[in-house]
Amino acid sequence: MNKIVEMRKLAPSINLLRIGVPEITKKAQAGQFVVLRINEEGERIPMSITDIDPEAEILTIIFQEVGKSTAHLATFKEGDVLADVVGPLGIPTHIENFGTALCIGGGIGIAPVHFIAKALKQKGNKVISIIGARSKNLLILEDQMKRLSDELLISTDDGSYGHHGFVTDLLTNLLSEQSTGVNFIMAIGPVIMMRAVCKITQLYQIRTMVSLNPIMVDGTGMCGACRVTVGGKTQFACVDGPDFDGHKVDFDELLKRQAMYVKQERIAMERFNQKMGLHTTEGVIK
Amino acid sequence: MTDAEKLKIPRQKMPAQMPKERIKNFKEVPFGYTPEMAMTEAKRCLQCKKALCVGGCPVEVNIPGFVLMIAQGNFIDAAKELKKTNSLPAICGRVCPQEDQCEKVCVLTKKYQPVAIGNLERFAADYERKQGEVEIPQIAPPTGKKVAIVGSGPAGLTVAGDLIKLGHQITIFEALHKAGGVLVYGIPEFRLPKTIVQAEVDYLIKLGVEVKTSQVIGKLFSIDELFEQGYQAVFIGTGAGLPNFMNIPGENLNGIYSANEYLTRSNLMKAYDFPEYDTPIFSGKNVVVLGGGNTAMDSVRTALRLGAENAYIVYRRSKTEMPARIEETHHAEEEGVEFHFLTTPIKYIGNENGWVTGMECLRMELGEPDASGRRRPVPVQGSNFIMEVDTVVVAVGNSSNPLVPQTTPGLEVNKWGNIIADPETGQTSRKGVWAGGDIVTGGATVILAAGAGKKAARDIDNYLKFL
């Protein structure tokens, strides 16, 4: 159990991780997440599920190296065993035949969107997808998203591939066409992207769900670290979400809460880099 | 020794780390009795024929019996006597509110000081553990019956210990990565060393209990699926697992924690040893903890050890209504915690980065008694003032975690979401399903949870016999 069957770089600092977790793969649904811990000293890291293969009993996660724990995880190899994988956690995404569904994924957010797009397609939806990344080499899952989608639109911030600009440009263009018929939108990506998407879709009054990834500890409702304000009420993303009505989420609060440990994250990263013999970019740790 | 001679012996104090020293470490505060001290203390017991202390104990430990054994120097026998009714004596000796239970009704209490029953319990259990091999009791021949226990806190551990000895096959499902429940994530090392909890869990494993960590029942498997997997009885001891907040403005500012989060980071995740351990914790200079229970005391004393310059308790009632154990309050006072009684926060003030910088409070006064019999605190209009704080820990209780009830059709809960269970047997509205501990009672004590586990174990055994 918890054995890594594949660890592969998909793009600079983006990794595909496949783990043998028989029980979780039999239960997991689109929109859910797992919490994993790499070793005894490790923190509990919440990770969205990218895909499952219940026959092979393999769970797929795509993660970005954003701090010490994820950088450390990226050094793990096929055959290594993770200390724990807990799940599936959170409420699955509500899937029904909406007619036409639009899936928007930004950066690493394409990974969870992929699983949801697959479920929407299986339910008979016409799926239109918009995916975007900073640059062509950071764009993940393009082929898979193309297979799942009736229509796929791509943007890159630097214009190295697809539309030169943001996913929101493509969204505005799409919705301003008269006949798209989109009546459900799922948007996952950086908080700033989700906030921008929701501002636009609010104008068109199209139901928009977002999947939030605030700081968590246990992931089972016990600690309240992941509280987010939705419609003026405090919700726990781990048990009440992670999906919420994007038009009601207080994204500004979420951005601030996500930055709670930046100082400690830097200390941990510097220390890890030194340990790994990498050069530090920020000089001596104070 | 005559009773008159016994009455002359003063209650023996446990030696402890000095306050100035101990706030710099997470090691346990009291060192425990030496064998000599324990024997001296045990000799103070008058061996009442009608021992009130036994009735004061939720699980009716034979207190005069084990105390006499200590007085006679038979420490191992004393530990065994304790374990007949209490499977977790090393833990209960440390965390039980003895002053509200056994010691409260000790015949000495009126004129003298009560026998230090808790300290003696702790001594006997520690003595046995330190001797090395704890004796494996006789285990009944296998019955072939399988029992699933959900949650590895005091209730679950007790059920497991009792049922494995009766020959049943036991599996504990624990959501977190370490077994022990609140004993591991909630109670700090300086009050309950984790090696003691681990010793209890290891003992159960040695008896044959299977412990599955990182398995969230209600998510990975439902209760019904446990039955499909061949378990014939299920005990739910999932604890009080949803932290209460006060729903006042600014509560989601950075620096404001639930006690569950603050303590889980420090205890379970060992954030006090960051960056050796990956989990961070924000350790502010001015830390305020809201609440007057043991969890509040644990949090405020943790804050001191994490480097707080000022550590405050803000409690809306007065000192006499505080539910914390006397020893915890006393230790907190010794360590320099500042208490603000009859005070309640009404809003938080934050900076542009979303960090808490202050807390606006109101003074309270005590009015008429409320439903709990305690005098209701009433706000004094216009008494607003602001406290400068950079960390807040909200320790105002827990609600029940809904994961199991939500996924178990037919399992009845009350209006607070607590599972309804027979107080004598632990039986729920679902056949083959028992429950006990905080998930039934709401936030209570380790010994009450263990007591509920004992009753449920007895009833589960009866049920299995007739299956």
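Predicted model, so just to flag it, every value in this text is computed and none were measured.

Colleague: How should the overall build of chain B be read in this particular structure?
Modeller: Counting its secondary structure elements, chain B contains 18 helices and 16 strands. The dimensions of chain B, computed from C-alpha atoms along their principal axes, are 65 × 65 × 50 Å. Residues classed as buried in chain B amount to 58% of the 467 residues present. Pairs at least 24 residues apart make up 69% of the contacts formed inside chain B by residues separated by at least 6 positions. About 19,200 Å² of surface is accessible on chain B, with carbon and sulfur atoms providing 53% of the total.

Colleague: Looking at this structure, how should I read the overall build of chain A?
Modeller: Counting its secondary structure elements, chain A contains 9 helices and 16 strands. Relative to a compact globule of 286 residues, whose C-alpha radius of gyration would be 19 Å, chain A shows 19 Å and is just as compact. Dimensions of chain A along its principal axes, counting C-alpha atoms only, are 55 × 45 × 40 Å. In chain A, which comprises 286 residues, the share counted as buried stands at 56%. Restricting to contacts in chain A with at least 6 residues of sequence separation, those with at least 24 account for 63%. Of the roughly 12,200 Å² of accessible surface on chain A, a fraction of 50% belongs to carbon and sulfur atoms. For chain A, the centre of its 31 positive side-chain charges and the centre of its 32 negative side-chain charges are spaced 3 Å apart.

Colleague: Sorry if this is basic, but what is going on with the interface of chain A and chain B here?
Modeller: Listed per partner, the contact involves 46 residues of chain A and 45 residues of chain B. Here chain A packs against chain B, burying approximately 3,700 Å² in sum over the two surfaces, 54% of which is carbon and sulfur. Considering only the surface of chain A that becomes buried against chain B, Met222(A), Arg227(A) and Met260(A) emerge as the three largest contributors, covering 18% of it. Here chain A and chain B share 4 salt bridges between them. Counting across the chain A and chain B interface gives 23 residue pairs in polar contact (both at pLDDT 80 or more). Secondary-structure elements contributing two or more residues to the side of chain A that touches chain B are helix H1 (22-27), helix H2 (68-73), strand E7 (84-89), strand E14 (227-230), strand E15 (233-236), helix H8 (251-258) and helix H9 (262-275) of chain A. Among the elements that line the side of chain A that touches chain B, the one with the most residues is E7(A), at 6 residues. Here the side of chain A that touches chain B is composed, by residue class, of 20 nonpolar, 11 polar and 15 charged.

Colleague: I tried to follow the pairing of strand E8 (residues 310-314) of chain B on my own but got confused; where do I start?
Modeller: All names here are of chain B. Across the 5 residues that make up E8, a large majority, 4, are buried. Between strand E7 (residues 286-290) and its parallel partner E8, the chain crosses via helix H14 (residues 294-305), and the hand of that crossover is right-handed. Across 3 bridges, the pairing between E8 and strand E9 (residues 338-340) is parallel. Counted as the bridge partner of Val314 is His340 from E9. As a crossover connection, the stretch from E8 through helix H15 (residues 326-334) into E9 is right-handed.

Colleague: Even after reading the chapter, I still don't get the sheet that holds E8(B), so can you show me in this structure?
Modeller: Across a sheet, strands are paired by hydrogen bonds formed along the backbone, either parallel or antiparallel in direction. All names here are of chain B. On the basis of which strands lie adjacent, the open sheet formed by 5 strands has the order E6-E14-E7-E8-E9 and parallel pairing. Of all strands in the sheet, those bounded by a partner on one side alone are strand E6 (256-258) and E9. For this sheet the average axis-to-axis angle between neighbouring strands, irrespective of direction, equals 20 degrees. Of the strands in this sheet, E6, E7 and strand E14 (391-394) touch helix H13 (residues 259-268), which is tilted by about 85 degrees from E6. Contacting E7, E8, E9 and E14, H14 crosses the sheet at an angle of about 170 degrees to E8.

Colleague: I keep staring at the environment of Tyr204(A) and nothing clicks. Help me out?
Modeller: Mapped onto the elements, Tyr204(A) comes out in helix H6 (residues 191-204). Between the C-alpha atom of Tyr204(A) and that of Arg134(A), which follows or precedes it by 70 residues, the distance is 26 Å.

Colleague: Would you take a moment to explain the side chain of Glu335(B) for this structure?
Modeller: Following the sequence through the fold, Glu335(B) ends up in the loop between H15 and E9. Judged by its relative accessible area of 6%, Glu335(B) is buried.

Colleague: For this particular structure, what's the right way to read the packing of aromatic side chains?
Modeller: To describe a pair of aromatic rings, you give the distance between the ring centres and the angle between the ring planes. A complete count under the given rule lists 13 aromatic pairs over all chains for this structure. Considering the side-chain rings of Phe98(A) and Phe184(A), the 4.1 Å spacing of their centres and the 5 degrees angle between planes classify their relative orientation as stacked. A residue pair is termed long-range when its members are at least 10 positions apart, and Phe98(A) in the loop between E7 and strand E8 (100-106) and Phe184(A) in strand E12 (residues 182-188) qualify at 86 residues. Neither residue differs from the other here; Phe98(A) and Phe184(A) are each classed as buried. Ring centres of Phe282(B) and Trp355(B) lie 4.7 Å apart, and the angle between their planes is 55 degrees; on these two criteria the pair is classed as tilted. Of this pair, Phe282(B) sits in the loop between H13 and E7 while Trp355(B) sits in the loop between strand E10 (343-350) and strand E11 (356-369), and the two are 73 residues apart along the sequence.

Colleague: So what exactly am I meant to see when it comes to helix H8 (residues 117-130) of chain B here?
Modeller: For the α-helix, the turn length of 3.6 residues means that residues three or four positions removed from each other point alike. All names here are of chain B. Here H8 is 14 residues long and its end C-alpha atoms lie 20 Å apart, about the 20 Å a rise of 1.5 Å per residue gives. Of all the 14 residues making up H8, 11 are buried; the element is thus mostly covered by neighbouring parts of the structure. Here the buried face of H8 lies against helix H3 (35-42), helix H4 (52-56), helix H5 (63-71), helix H6 (75-85), helix H7 (89-95) and helix H11 (194-207).

Colleague: What is the right way to read the environment of Cys48(B) from this model?
Modeller: Counting through the fold element by element, Cys48(B) comes out in the loop between H3 and H4. Along the primary structure Cys48(B) and Ala240(B) are separated by 192 residues, whereas in three dimensions their C-alpha atoms are 38 Å apart.

Colleague: Explain the confidence of the model for chain A to me, please; I cannot follow it from the model alone.
Modeller: Looking at chain A, pLDDT values average 94 and 97% of them are 70 or higher. Confidence drops under a pLDDT of 50 for residues 280-286 of chain A, and excluding neighbours within four residues, the segment shows 10 contacts in the predicted structure.

Colleague: Honestly, unusual backbone geometry in this entry has me stumped. Any pointers?
Modeller: Trans is the common state for peptide bonds, and a negative phi is the common state for residues other than glycine. Put simply, Gly241(A) and Pro242(A) share a cis peptide bond, and its omega is 10 degrees. Here the bond from Phe274(B) into Pro275(B) is cis, since omega is 5 degrees, no more than 30 degrees from zero. Mapped onto the elements, Pro275(B) comes out in the loop between H13 and E7. A positive phi angle is found at Asn2(A), which is not glycine, with a value near 65 degrees.

Colleague: Would you take a moment to explain the state of the cysteines for this structure?
Modeller: Covalent bonding between the sulfur atoms of two cysteines is what defines a disulfide. Here the structure, examined in full by the defined rule, presents 0 disulfides over all chains. The cysteine Cys238(A) is free of any disulfide, with Cys226(A) supplying the nearest cysteine sulfur at 3.7 Å. Left unpaired, Cys92(B) is separated from the closest cysteine sulfur, that of Cys96(B), by 4.3 Å. On the accessibility criterion, Cys92(B) (0% relative accessible area) is buried.

Reading the values: rules and limits
Residues numbered from 1 in each chain as written. Chains lettered and ligands numbered in written order. Predicted model: local features only at pLDDT ≥ 70, side-chain atom pairs only at ≥ 80, totals over all residues. Heavy atoms only, no water. Helix = DSSP H or I, 4+ residues; strand = E, 2+ residues; numbered from the N terminus. Buried < 20%, exposed > 50% of the residue type's maximum accessible area, 1.4 Å probe, protein only. Contact = heavy atoms within 4.5 Å. Areas by Shrake-Rupley, 256 points an atom, 1.4 Å probe, with all protein chains shown as cover. Rg over C-alpha atoms; globule rule 2.2 N^0.38 Å. Lys, Arg positive; Asp, Glu negative; His and termini not counted. Charge placed at Lys NZ, Arg CZ, Asp CG, Glu CD. Buried area = accessible area lost by both parts, 1.4 Å probe. Salt bridge = Lys/Arg side-chain N within 4 Å of Asp/Glu carboxyl O. Polar contact = N/O pair within 3.5 Å; in protein donor to acceptor, adjacent residues only side chain to side chain. Nonpolar A, V, L, I, M, F, W, Y, C, P; charged D, E, K, R; others polar. Right-handed = clockwise from strand over helix to strand, strands pointing away. Pairing = 2+ DSSP bridges. Axes fitted to C-alpha atoms, helices over the stretch in contact; angles between N-to-C directions. Phe/Tyr/Trp six-rings, centres within 6.5 Å; stacked < 30°, edge-to-face > 60°. Expected span 1.5 Å × (residues − 1). pLDDT = per-residue confidence, 0-100. Disulfide = S-S within 2.5 Å.

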